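Geometric and topological summary
Listed here are the chains, written in short residue letters.
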Amino acid sequence: MTNDSKVVPLTARDSSDAVMDASKRPSALPAPLKPVREQTLAFLHASLTALFDNADDSLFEMADKAGNNAEQSLYFEAMRAIRLRRHAIEKACVGRLERELEALNTPPAASSQQDSLSNFALDTLTLVQPDELEQTVAMDNMVNRVASRNTHALTPLAVRLNSLVKAPVDESTNPLSPANLAQYFVDALAPLELDIKVRLIVLKLFERYVLNESDALYQQLNDSLVRAGVLPDLRLHAQRSNRPGPAATSAMTSAQDYSAGNGQPVAADSPLNLFADLVSSWRHASGDAALAPLGQHNARPVQQHELLQLLGQLHGNSEALSGSALRMQIRDLLAGLHSRTGESRGLERVDDDVISLVSMLFDFILDDDQLPGALKALIGRLQLPVLRLAIADKSFFSRSSHPARKLINELARATLGWSDHDDLARDKLYGQIEQTVDRLLEVSDPQPELFAELHESLSGFVRQEQRRSERLEQRTRDAEEGRARVDAARHGVAKVLNDLLVGRSLPVIALDVLRDLWSQQLQMVALREGIGSPRWRQSEAMAKALVASFATVDEAEKPERLAAAARLREKMQAELVVSGLDDPQALQQLNALAAAHDSLFAVAPARVTAEAPQSIEPAAGLSESAPDDAETEASSSKRPEPPVADSEPAAESVTKPDLVQVTEPVMESPVVEEAPELVTDLPDNRSLAWVAGLHVGSWFGMAKAEGEPEQRCKLAAHISFSRKYIFVNRAGMKVAEFTETKLIKHYEQGLIRLLDDNQLFDRALESVIGNLRQLQDRR
């Protein structure tokens, strides 16, 4: 079976060859590091092989547990993609590690990291996607776990490497560190564009088969360097010292600080833990000073209840503050406490981080262009109540169902339709939100129960508002769909009749019947049963038969044509009765049509020839005797003269109808949008994809024309058969209508944008953590 050409081997032969080639290539590393290089490359290859050998089983198990076909297909497609690309991924990882190791012996280039950091603007950071943030958090967690338990080996390994190579090496720049190994793998995995669910599973496998197995590797590498005489005494010192390295110290300090004090312990998966490792980069870039080390290093920390009492002094401040302004006020409170007592006091690190994180969250909210200005003014006043709650209840950051977070999200969702130029003074929702904010500001120590009560009250009010607007929105949608159906039917009728009549010569009455009466019949059938239905085809055939009934025929065929026209009129009348269009005016038009048929196809009177004299009955009372000669002559003289054979008959009883030539369309046709003349006039793929991805119910910021103020509107309907998009305001009233082509053009001009209606707090938290991560990576 191994020789079967149809069997695809799943062994890592290609990557094995890559490892062998890498070990045979000449290396510029010092002699003691060459065995380290070969041993590390072999380890990474073997570990990745074990990972991919077990990936199929793990993904198949997840597919077997999938709740629907789409999720199951997701895992099966991932299995296939990984099978096809596993060798390329292994080769990329091994090659990356080899290059990074060789680069250690290259002198570092002059860098200006500090200059770039000082010129770095925080407002240039962009929103990190939730999938990226989730992957980053997963990587950080698994790397921290491995680094913390291998600090005793990683620290001396970095020192020994640093002593042998030209480039500076520490725990962060060590190519063999868990963080760098994980990054090599993630970068090699990126071209597969796997779903985040699959990526997290593969990362878990990487931790199990690579990072967890690296514990022994690091010890072996140290032993190899010791045998080569590289700082042999360092190992004994590391064993005696038992002091964790900087990375582990930071993680341990975070855990110890966050579980110390009188406050609640922070959950392991709380964003505060990740924030604690990232906030130092922000403080370095922004020049912000921590509130924790005020005064002396041995300053007695301010306990949680004392901090809440201090914040109570800011209770009367109802203005919206920026994050930096709030921190400045807290710093002033601590300075005032020092001046009164003479004792230097500082905050617990966890409380300091809570203040920083809440400040950043509200800075994001106040700078978010997705939110209307009126809401920013209201929600900015909630910073102090939310801060007091977050200090007392650390689960605020880790619980997505926390009442305070739900209230903030509800505020953003309810006001998504507000426009900055709206007059909100009489808006009932504005009054309700203002009452909610005032209620929170009235309480010096807001509890989660109060936030839950206010959220329930606001949600109930919003539901009532939405029910009213949805009713009007439904009426608007029904009216627009009905109008579109009527327009489509009218345009279909116009096309049929214009194609039928243009170029024909018909009596005026026939033209009137088709244009004024039968067009209504066709439109009614189109609305009830649709264009192309059997009844539509029947009505269309009658229109064609009516036009054909006025065609010129020979004299002998006129009686038959006249009878056929009578039968056609009867059928037309029956159809009008079914459609409810048989009013007196319609019957009058059909009678006039019958007269036109009669006048056109009536048989002409026969020409009169010489006839024998007719006998005349004698008058009453007269005898029947033969008349005398005089009477006979007299009666003969009184007989009418026989008509001349070639003379014209007397006046006919009816006249033939006048015919008119139809040269222009008799019914208005739809306006056809001009086709683009140049390639540059065609919409780009990005615009087409944007419009195609729109969903009914989404909210938009839209300006009707350049220079006009933006207004908020919702996509209420996408009428497929007319390809129109109907937009309504918050009350459900129509504010704009676009065809697909015009909407694409509007988007290309930058006059419409899709608003993000995701949870505001979650969006802000993802942005803050993601931006801090980017800032740390730039250092």
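This text goes with the structure placed above it.
Notes on the structure follow. Computed from a predicted model, the values in this text were never measured in an experiment.

Another aspect to go through is the overall build of the protein chain. Across its full length, the protein chain carries 28 helices and nine strands. Burial analysis of the protein chain (779 residues in total) assigns 43% to the buried set. Restricting the contact set of the protein chain to residue pairs at least 6 apart, pairs at least 24 apart contribute 77%. On the protein chain, roughly 41,900 Å² of surface is accessible, and the fraction owed to carbon and sulfur atoms is 51%.

Turning to the pairing of strand S5 (residues 699-702), a few remarks are in order. Alternating positions in S5 separate into two faces, Trp699 and Gly701 on one and Phe700 and Met702 on the other, with burial throughout. With four bridges joining them, S5 and strand S6 (residues 711-719) adopt antiparallel strand pairing. What sits directly across from Phe700, in S6, is Cys713. Relative to strand S9 (residues 752-754), S5 runs antiparallel, the two being bridged by three bridges.

Between helix H2 (residues 33-64) and helix H3 (residues 69-103), the shortest axis-to-axis distance is 10 Å and the interhelical angle comes to 170°. Relative to H3, H2 is oriented roughly antiparallel. Taken together, the residues of the contact of H2 with H3 sort by class into 18 nonpolar, four polar and eight charged.

Between its first and last C-alpha, helix H18 (residues 403-414) extends 16 Å over twelve residues, near the 16 Å set by a 1.5 Å rise per residue. Buried residues dominate H18, accounting for ten of its twelve residues. Inspection of H18 places Pro403, Ala404, Arg405, Leu407, Ile408, Asn409, Glu410, Leu411, Ala412 and Ala414 among the buried residues, and these make up the whole buried set.

With that settled, the discussion passes to the side chain of Arg381. Mapped onto the elements of the fold, Arg381 is located in the loop between helix H16 (373-379) and helix H17 (383-392). Engagement of the side chain of Arg381 in a polar contact is seen with the side chain of Asp438, the distance being 2.9 Å.

Scanning the model with the defined rule gives 39 salt bridges in all. A salt bridge links Glu102 to Arg37; its shortest N-O distance comes to 3.1 Å. With Glu102 in helix H3 and Arg37 in helix H2, this residue pair connects regions lying 65 residues apart in the sequence. Arg37 shares its class with Glu102; the two are buried. One salt bridge connects Asp756 with Arg763, and the closest N-O pair in it is separated by 3.5 Å. Here the residues in one salt-bridge network are Glu480, Arg483, Lys724, Lys734 and Glu737, joined through shared partners.

The next subject is the pairing of strand S7 (residues 724-728). Judged by how many residues are buried, S7 sits mostly within the fold: four of five residues are covered. Where S6 lies against S7, five bridges are found, and the strand directions are antiparallel. Within S7, the position partnered with Ile719 by the bridge is Lys724. What sits between S6 and S7 in their antiparallel hairpin is a turn of four residues, with Arg723 showing a positive phi close to 55°. Inspection of the sheet shows S7 paired to strand S8 (residues 734-739) by five bridges, in the antiparallel sense. Looking at S8, one finds that Ile726 is bridged to Glu737.

Another aspect to go through is the environment of Ala228. Relative to the elements of secondary structure, Ala228 occurs in the loop between helix H9 (214-227) and helix H10 (232-241). For Ala228, a relative accessible area of 44% gives the class partly exposed. Each C-alpha atom, one on Ala228 and one on Pro35, is 9.9 Å from the other, the two residues being 193 residues apart in sequence.

Mapped onto the secondary structure, Asn222 falls in helix H9. When its relative accessible area of 2% is taken as the criterion, Asn222 is described as buried. A distance of 3.4 Å separates a polar side-chain atom of Asn222 from the backbone nitrogen of Leu157. Sequence-distant contacts of Asn222, that is, excluding residues within four places in its chain, are made with Ala153, Pro156, Leu157 and Arg160.

Let us now look at empty space enclosed by the protein. Summed over the entire model, instances satisfying the criterion amount to five cavities of 30 Å³ or more. Secondary structure elements with two or more residues in the lining of the largest cavity: H18 and helix H28 (760-778). The element that contributes the greatest number of residues to the lining of the largest cavity is H18, accounting for three residues. Tallied by class, the residues present in the lining of the largest cavity amount to four nonpolar, three polar and four charged.

What follows concerns unusual backbone geometry. Residue Glu193 is not a glycine yet carries a positive backbone phi of 50°. Along the chain, Glu193 falls in the loop between helix H7 (178-189) and helix H8 (196-211). A relative accessible area of 70% means that Glu193 is categorised as exposed.

On the basis of which strands lie adjacent, the open sheet formed by five strands has the order S8-S7-S6-S5-S9 and antiparallel pairing. This sheet does not close on itself; its edge strands, each paired only once, are S8 and S9. On average, each strand axis in the sheet is tilted by 35° relative to the strand beside it, whichever way the strands run. Packing against the sheet, helix H20 (residues 448-501) makes contact with S6, S7 and S8, and its axis sits at approximately 45° to S6. The strands touched by helix H27 (residues 740-748) within the sheet are S5, S7, S8 and S9, with S8 carrying the most contacts at an inclination of about 105°.

Another point: the packing of H2 against H9. At a minimum axis distance of 9 Å, the contact between H2 and H9 shows a crossing angle of 165°. Considering the angle they form, H2 stands roughly antiparallel to H9. H2 and H9 meet at a crossing whose hand is right-handed. The residues of H9 that touch H2, namely those facing Leu33, Pro35, Val36, Gln39, Thr40 and Phe43, are Ser214, Leu217, Gln220, Leu221, Ser224 and Leu225. Looking at the contact of H2 with H9 residue by residue, the classes come out as seven nonpolar, five polar and no charged.

Taken as a whole, this structure holds nine aromatic pairs when the rule is applied. Ring geometry for Phe396 against Phe397: centres 5.1 Å apart, planes inclined by 75°, an arrangement best described as edge-to-face. Just as Phe396 is buried, Phe397 falls in that class too. A centroid spacing of 5.9 Å and a plane angle of 85° characterise the contact between Phe727 and Phe738, whose relative ring orientation is edge-to-face.

Before going further, it helps to spend a moment on H17. Most of H17 is tucked away, with nine of its ten residues classed as buried. Turning to H17, its buried residues are Gln383, Leu384, Pro385, Val386, Leu387, Arg388, Leu389, Ala390 and Ile391.

The rules behind these values
- Residues numbered from 1 in each chain as written.
- Predicted model: local features only at pLDDT ≥ 70, side-chain atom pairs only at ≥ 80, totals over all residues.
- Heavy atoms only, no water.
- Helix = DSSP H or I, 4+ residues; strand = E, 2+ residues; numbered from the N terminus.
- Buried < 20%, exposed > 50% of the residue type's maximum accessible area, 1.4 Å probe, protein only.
- Contact = heavy atoms within 4.5 Å.
- Areas by Shrake-Rupley, 256 points an atom, 1.4 Å probe, with all protein chains shown as cover.
- Pairing = 2+ DSSP bridges.
- Axes fitted to C-alpha atoms, helices over the stretch in contact; angles between N-to-C directions.
- Parallel < 35°, antiparallel > 145°, perpendicular 65-115°, else oblique.
- Nonpolar A, V, L, I, M, F, W, Y, C, P; charged D, E, K, R; others polar.
- Expected span 1.5 Å × (residues − 1).
- Polar contact = N/O pair within 3.5 Å; in protein donor to acceptor, adjacent residues only side chain to side chain.
- Salt bridge = Lys/Arg side-chain N within 4 Å of Asp/Glu carboxyl O.
- 1 Å grid on protein atoms, 1.4 Å probe; cavity = no way out; pocket = protein on both sides within 12 Å on 5 of 7 lines; lining within 4 Å.
- Points joined across faces, edges and corners; volume = space filled by probe spheres on them.
- Left-handed = near helix turned anticlockwise from the far one by under 90°.
- Phe/Tyr/Trp six-rings, centres within 6.5 Å; stacked < 30°, edge-to-face > 60°.

So far we have only geometry, and geometry alone does not tell us how the molecule works.
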